[in-house]
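# Structural features, examined
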Amino acid sequence: MKLIIAIVQKEDSNKLQRAFVKNNIRATKLSTTGGFLSQGNTTFMVGTADESVDKVLKVIKGESKAREEYMNPNMVTTGFDMGSQPVKITVGGATCFVLPVEEFKRF
Amino acid sequence: MKLIIAIVQKEDSNKLQRAFVKNNIRATKLSTTGGFLSQGNTTFMVGTADESVDKVLKVIKGESKAREEYMNPNMVTTGFDMGSQPVKITVGGATCFVLPVEEFKRF
Amino acid sequence: MKLIIAIVQKEDSNKLQRAFVKNNIRATKLSTTGGFLSQGNTTFMVGTADESVDKVLKVIKGESKAREEYMNPNMVTTGFDMGSQPVKITVGGATCFVLPVEEFKRF
Ligand code: NI
Ligand code: NI
Ligand code: NI
């Protein structure tokens, strides 16, 4: 048994939660804040059999890995598209800790 | 030293918290949501000596184990008792992870 | 790799968070309540290399260790300073668990 603690960006948390349900993975969601820039993020706890750790990590990676998106810089500051070049920004990203579990009980 | 992470139904969390206090068990409560049906639940973290793990698990089981209750099905949909047969539903339930602690510090 | 879970008093959490940023320590903050007296507290999770555990614990101790402060007892009950002797109270305090991490992934 392992306990996976995964910290993902808030914007990815809803689709990750749907992916957990679709893959029959029981996850508990904690509201968190933090990281260097204090952007909102979400922490999931997933208890899983040793042999399913890779599958769970793959689901997390699939929904929340860091990727580049294009954004129009004027949209950010003015709210209007002034015809400037879009810029690449990095969104998403997941940090996962796999912890050993000595005893697991369901009552 | 162990760290017990216990996820219980929100409806059991207040009486479990009182039972922790009564048994002199220090618990930290996290607000969580989730599981398959996204019902509200609560996560408790309890740091405990190795020899007290069973005692803590027993307190958790005593206050929050899954059990059957009878509910009138009409009460749910209409708010009125229409004289139908009560149905059994399962409430409560706790999921507990006992994690090894390598170092424990109080400052 | 280790995962440090640190529970501190809410009044120390902002300065601890600033100290984490200053020391380049990535921390995730969870909102928690609890302990014996149900005072507000905050839980931080910090993933760290084995050799940096002591440095992180030192930062936590520096910002949130239990210490005595003087308080005027009348200020508490009446809101006015009635000239009575100040009393010592204990504030702060941190509880830290260092957990082993079997696998660490960033996506
Ligand atoms: Ni195992
Ligand atoms: Ni131990
Ligand atoms: Ni390690």
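Up top you'll find the structure we're talking about.
The present account deals with the structure reproduced in this document. (Residues numbered from 1 in each chain as written. Chains lettered and ligands numbered in written order. Predicted model: local features only at pLDDT ≥ 70, side-chain atom pairs only at ≥ 80, totals over all residues. Heavy atoms only, no water.)

### Some details on the coordination of the nickel ion (ligand 1)
For the nickel ion (ligand 1), the full set of protein donor atoms is A:Met1 (N) and A:Asp50 (OD), and the range of their distances to it is 1.8 to 2.7 Å. Taken together, the residues A:Met1 in the segment before β1 (2-9) and A:Asp50 in the loop between β3 (40-48) and α2 (53-64) connect sequence positions 49 residues apart. (Donors = N, O, S within 2.8 Å, 3.2 Å for Na, K, Ca; no water. Helix = DSSP H or I, 4+ residues; strand = E, 2+ residues; numbered from the N terminus.)

### Points about the interface of chain A and chain C
Each partner contributes residues to the interface: chain A has 28 residues there, and chain C has 23 residues. For the pair chain A and chain C, the summed buried surface comes to about 2000 Å²; carbon and sulfur atoms form 64% of the total. Between chain A and chain C we count one salt bridge in total. The interface formed by chain A and chain C contains seven residue pairs in polar contact (both at pLDDT 80 or more). Here the element with the most residues in the side of chain A that touches chain C is strand β6 (residues 94-100) of chain A; it accounts for seven residues. Looking at the side of chain A that touches chain C residue by residue, the classes come out as 14 nonpolar, ten polar and four charged. Of the pairings in the sheet, the one linking β6(A) to strand β7 (residues 103-106) of chain C comprises four bridges and is antiparallel in character. Along β7(C), the bridge assignment pairs A:Cys96 with C:Lys105. (Contact = heavy atoms within 4.5 Å. Buried area = accessible area lost by both parts, 1.4 Å probe. Salt bridge = Lys/Arg side-chain N within 4 Å of Asp/Glu carboxyl O. Polar contact = N/O pair within 3.5 Å; in protein donor to acceptor, adjacent residues only side chain to side chain. Nonpolar A, V, L, I, M, F, W, Y, C, P; charged D, E, K, R; others polar. Pairing = 2+ DSSP bridges.)

### Description of the packing of aromatic side chains
Inspection of every chain in the model, using the stated rule, returns six aromatic pairs over all chains. Centre to centre, the rings of A:Phe104 and B:Phe97 are 5.2 Å apart; their planes meet at 35°, and the pair counts as tilted. Placement of A:Phe104 in strand β7 (residues 103-106) and of B:Phe97 in strand β6 (residues 94-100) is noted, with the two residues assigned to different chains. Of the residues examined, A:Phe104 reaches a relative accessible area of 33% and is grouped as partly exposed. Judged by its relative accessible area of 4%, B:Phe97 falls in the buried class. (Phe/Tyr/Trp six-rings, centres within 6.5 Å; stacked < 30°, edge-to-face > 60°. Buried < 20%, exposed > 50% of the residue type's maximum accessible area, 1.4 Å probe, protein only.)

### Considering helix α2 (residues 53-64) of chain C
The end-to-end C-alpha distance of α2(C), which contains twelve residues, comes to 16 Å, matching closely the 16 Å that a straight helix rising 1.5 Å per residue would cover. The complete set of buried residues in α2(C) reads C:Val53, C:Val56, C:Leu57, C:Val59, C:Ile60 and C:Ser64. Down the axis of α2(C), the buried side of the element spans an arc of 155°, and every buried residue falls inside it. Those residues of α2(C) that are exposed and aimed more than 90 degrees away from the buried face are C:Asp54 and C:Lys58. Where the residues of α2(C) are buried, they touch β7 (103-106) of chain B together with β1 (2-9), α1 (10-22), β3 (40-48), β4 (67-71) and β6 (94-100) of chain C. (Expected span 1.5 Å × (residues − 1). Arc of directions from axis to C-beta.)

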